[in-house]
Amino acid sequence: MYVNTNVHNSGLNPAQHAAVNHGSGPVLVIAGAGSGKTRTLVYRMAHLLGQGIAPESILLLTFTRKAAQEMLWRAGQLTDDSSNRIMGGTFHATANILLRQYGHFLGLGARFSIIDRGDAEGIINLIKSSLGLSGAGKRFPSKRIIMNFISGSINKSRTIDDLVYESSPHLSEFVEDFHSIRQHYDQFKLDHGLMDYDDLLVNWQRLLTESPEAKEMICNRFQYILVDEYQDTNLIQAHIIRLLASNHDNVMVVGDDSQSIYSFRGADFYNIMRFEQQFPGAEVITLEENYRSTQPILELTNAVIRNAEEKFTKSLFSNIEGDIRPTLYTAKNEAAEARYIVKTIRELRNQDIPVNEIAVLFRSGFHSYKLEMEMTSNYLSFEKRGGMKLTESAHIKDVLAFFRILVNPWDNLSWNRILLQLDKVGPKTAQKIIAFIKESDTPTSALANFTPGKTWKEGFGKLVQIITEIDKPELTPSAVYDKVMEYYLPIFEKIYYDDYPKRRKELDQISALVSGYGDIQSFVDDTTLDPPENTDVQAGQDGEDRIILSTIHSAKGLEWDVVFVMGLAEGRFPHQNATPGPQWEEERRLLYVAATRAKKHLYLTYPTELVAADRQHIRTGMSPYLREIPQGLYVKDEIDKRPAYMQQSSPEPAFQSTRKKQSARTTYATGGVVKHPYFGIGRVVSILGPQRVEVAFDRHGTKILHLDYANLETIES
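Presented here is an overview of the structure given in this document. (Residues numbered from 1 in each chain as written. Predicted model: local features only at pLDDT ≥ 70, side-chain atom pairs only at ≥ 80, totals over all residues. Heavy atoms only, no water.)

**Topic: the pairing of strand β16 (residues 598–607)**
Spelled out, the test is: A simple rule labels every residue: compare its accessible area, found with a 1.4 Å probe on the protein chains alone, to the largest value its type can have, and call it buried under 20%, exposed over 50%, or partly exposed in between. Put simply, DSSP marks the helices as runs of H or I at least four residues long and the strands as runs of E at least two long, and each gets a number from the N terminus on. Here the term right-handed applies to a crossover when the path leading from its first strand over the helix to its second strand runs clockwise, the strands being oriented away from the viewer.
Counting buried positions over the 10 residues of β16 gives 9, a clear majority of the element. One crossover worth recording links strand β15 (residues 560–565) to the parallel β16 by way of helix α26 (residues 582–595), and it is right-handed.

Structural data, given as structure tokens:
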């Protein structure tokens, strides 16, 4: 067999070398962020092959098919084609192969079919119907929610009862029905020779626990087991690994306890922490040299994780050149935080940093709504990952439709959405109503003249009433929102019965957002998140590159030159329901994962004021995790006080607040004093773009106003 003679000397650092050349027995490789864990696994496979280990006796387990394919391909570059005979793949793919080969020991045929999530939910629907739990007039949780409970109970090794009472107490009345559906679901799969993804793991575990003969054959087959991302394993997967190695203990698991952030999927942090108890005598090797980030970034991330209650101690270091310390920005409120990020991105772009090397990370998808609106109004294109954009969520579209018909009464799409919320009103009826009202000069008034059907007369009457109440020019956006929500909430809870508590949190964000606007037109403009195609921020001639907005969970494993971590305020990070203990510590690890995505520039931002769902302004401070970081590890950025490397940037772009705005009759400039008929006296904070200004009012806070509608009066200061 050919093996590259430099396999042990090709740029491996001492810790990687020790892991690659480990002999027999268990080994835990604690691979810090960016420390070359993939390289270590690749060289480990090449080393084993070079030692004469048969490739068929090596098993590589990963969490994505792509990761397995890449590792096997890279190992093949160091050896001959024998690496192709290593069994490598995801836990589920490996289970599929082994169950077809050895499943007969459990009475399972080799010709079973694997069903995906969509197929499984379809079966759940059939069972609901057969049990009389669905149909007209019946309110019962959807197939998606039911499957979440069934699958969650397996992956988290918890009962359905626990999951329901913990996450969805409003569905507790259906617990017994969920158990009944699960029993029928399991029987249906058995009768039809089907397995879902969870069955693959459960039956693999059964194979190793219920059939001594099958266990002996499989354990003898795989003499060396390698596992990637061990911190993401659930209890079943960890048990399978323990069983597979029962004859030899030749197991190498690679992972990072500090990056264990997927407990909501069933990942168990304590799998990696208990490894030495599960495998007595295991060697622990720590990879601390980082190949991604500069040293100042690593010094801050080391400080973030240093106070973790339980951890494998490590201190990442790097030889990458760079002395720019991370930046901490304290914003007055969320609007100021969003403006700072947009302003800084433009400055970075002036330094020729590619758009696709800039990312903004946040804890939850709805935390970026204000930033999305700010970026859109400044023609910055972005791609959002891990959470829908502001106007992609159905329930938010429902509410925004009411605002849009006030601005454009002939908006047929919005009318259609509003009308279809009515019970007993379908697409054909909705189109008849729209055809009737659009002939009028005032569609909102004409709605009252349409004659409804008997079965939906009551609901239609309520709709007419709310449209009449909100179609008044003197109402503020907040007042319109409150009236719409009085009408919409009963409909909302019925339409989205499964998960309306979760969706309600997103609507609460809209309540806070709308309070920052002085007129409906400005609010509607900013929630139309479709920036012009040809903007000055498109990177790459193909126009496909975008700034990345992402939840931290969706950013794990990725890296960018520039990373912003926003919303680092107490009560938001960690989230307000986090309690001391495992939840608190996982939130700490979440911040660690976010910060270690940055290669060259790291920005940490937080607002000192949050707007609650009831529009109360809440004073807050920085995240407790930030308070633990020594101040010398970051630079505080303030207005007119920028980091040294940014002082050489190009002149400010045209949208900055130094620009004056000329309306039809009046010129407005930053600092000017104005009077609004409802909000009173205020001072112009900034000029946001065509026909829009931001004004800080003495008694009503900061509002965005459209000059065509605001009726502002200038006052000599």
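**A few points about the packing of aromatic side chains**
Using the following cut-off: The rule is short: rings of Phe, Tyr and Trp, with Trp giving its six-membered ring, pair when the centres are within 6.5 Å, and they are stacked under 30 degrees, edge-to-face over 60, tilted in between. Criterion for a charge above a ring: Lys NZ or Arg CZ within 6 Å of the ring centre, and within 35 degrees of the ring normal.
With the rule as written, the count across this model stands at 20 aromatic pairs. An aromatic cluster of at least three residues, connected via ring pairs, comprises F140, F149, F174 and F178. Over the aromatic face of F279 sits the side chain of R242, whose NZ or CZ is 4.0 Å from the ring centroid. Positioned above the aromatic ring of F269, the side-chain terminus of R589 is 4.0 Å from the ring centre.

**Here we look at the sheet that holds β15**
This is how it is decided: Here the rule is simple: two strands pair whenever DSSP picks up at least two bridges between them. All axes are obtained by fitting lines to C-alpha atoms, using only the stretch in contact for helices, and the reported angles, taken between N-to-C directions, cover 0 to 180 degrees. The contact rule is simple, with two residues in contact once any of their heavy atoms fall within 4.5 Å.
The sheet built from 7 strands is open, its strands ordered β13-β14-β12-β15-β16-β11-β19 with parallel pairing. At either margin of the open sheet sits one strand with a lone partner, and together these are β13 (382–385) and β19 (635–637). On average, each strand axis in the sheet is tilted by 20° relative to the strand beside it, whichever way the strands run. Sitting on the sheet, helix α15 (residues 334–350) is in contact with β11 (327–331), β12 (358–362), β14 (547–551), β15, β16 and β19, with an inclination near 155° to β16.

**Observations regarding the sheet that holds strand β8 (residues 283–287)**
For sheets, the rule is that strands pair by backbone hydrogen bonds, running either parallel or antiparallel. Taken in spatial order, the 6 strands of this open sheet run β3-β2-β6-β7-β1-β8, and their pairing is parallel. Looking at the sheet topology across the chains shown, the edges are occupied by β3 (87–90) and β8. Put simply, the sheet's adjacent strands are angled 15° from each other on average, direction ignored. Pairing of strand β1 (residues 27–31) with β8, which is carried by 5 bridges, proceeds in the parallel orientation. Residue V29 lies in a different strand from β8, and its bridge partner there is I285. Docked against the sheet, helix α2 (residues 37–50) engages β1, β2 (58–62), β6 (224–227), β7 (251–255) and β8, running at close to 170° with respect to β6.

**With respect to α15**
Think of an α-helix as turning once every 3.6 residues; residues three or four places apart then point the same way. Spelled out, the test is: Expected span of a helix, by definition, is 1.5 Å for each gap between consecutive residues, and there is one gap fewer than residues. Pairs of N or O atoms are called polar contacts if they sit within 3.5 Å, as long as, within protein, a hydrogen donor faces a hydrogen acceptor (for residues adjacent in sequence, only side-chain-to-side-chain pairs).
With 17 residues, α15 extends 25 Å from end C-alpha to end C-alpha; this agrees with the ideal 24 Å at 1.5 Å per step. Among the 17 residues in α15, 14 count as buried, and that is most of the element. Two or three places before A335, at the opening of α15, N333 has a side-chain oxygen 3.2 Å from that residue's backbone nitrogen. Looking one or two residues beyond α15, the residue adopting positive phi is D352, at roughly 65°.

**Some thoughts on the pattern of salt bridges**
Cut-off, in case you're wondering: We define a salt bridge as a side-chain nitrogen of Lys or Arg found within 4 Å of a carboxyl oxygen belonging to Asp or Glu.
Considering all chains together, one arrives at 34 salt bridges under this definition. Across the salt bridge formed by K37 and E229, the nearest N and O atoms sit 3.4 Å from each other. Placement of K37 in helix α2 and of E229 in the loop between β6 and α11 (235–244) is noted, with a sequence separation of 192 residues between them. As far as burial versus exposure is concerned, K37 and E229 are alike and both buried. Taking the shortest distance from any N to any O, the salt bridge between E372 and K384 comes out at 2.7 Å. Residue E372 is located in helix α16 (residues 369–377), and its partner K384 is located in strand β13; the two are separated by 12 residues in the primary sequence. Look at E372 and you get buried, because its relative accessible area is 0%. A network of salt bridges, in which partner residues are shared, links K37, D228, E229, D232 and K556.

**Regarding unusual backbone geometry**
Here F573 and P574 are connected by a cis peptide whose omega angle stands at 5°. Residue placement: P574 occurs in the loop between β15 and α26. With a phi close to 60°, Y379 is a non-glycine residue in the positive phi region. Here Y379 lies in the loop between α16 and β13. On the basis of relative accessible area, Y379 is assigned to the partly exposed category, the value being 37%.

**Focus on helix α4 (residues 91–102)**
For α4, with 12 residues, the first-to-last C-alpha span of 16 Å sits near the 16 Å given by 1.5 Å per residue. Those residues of α4 lying buried are F91, T94, A95, N96, L98, L99 and Y102.

**Quick word on the side chain of S364**
Assignment of secondary structure puts S364 in the loop between β12 and α16. There is a polar contact of 2.9 Å between the side chain of S364 and the side chain of R363.

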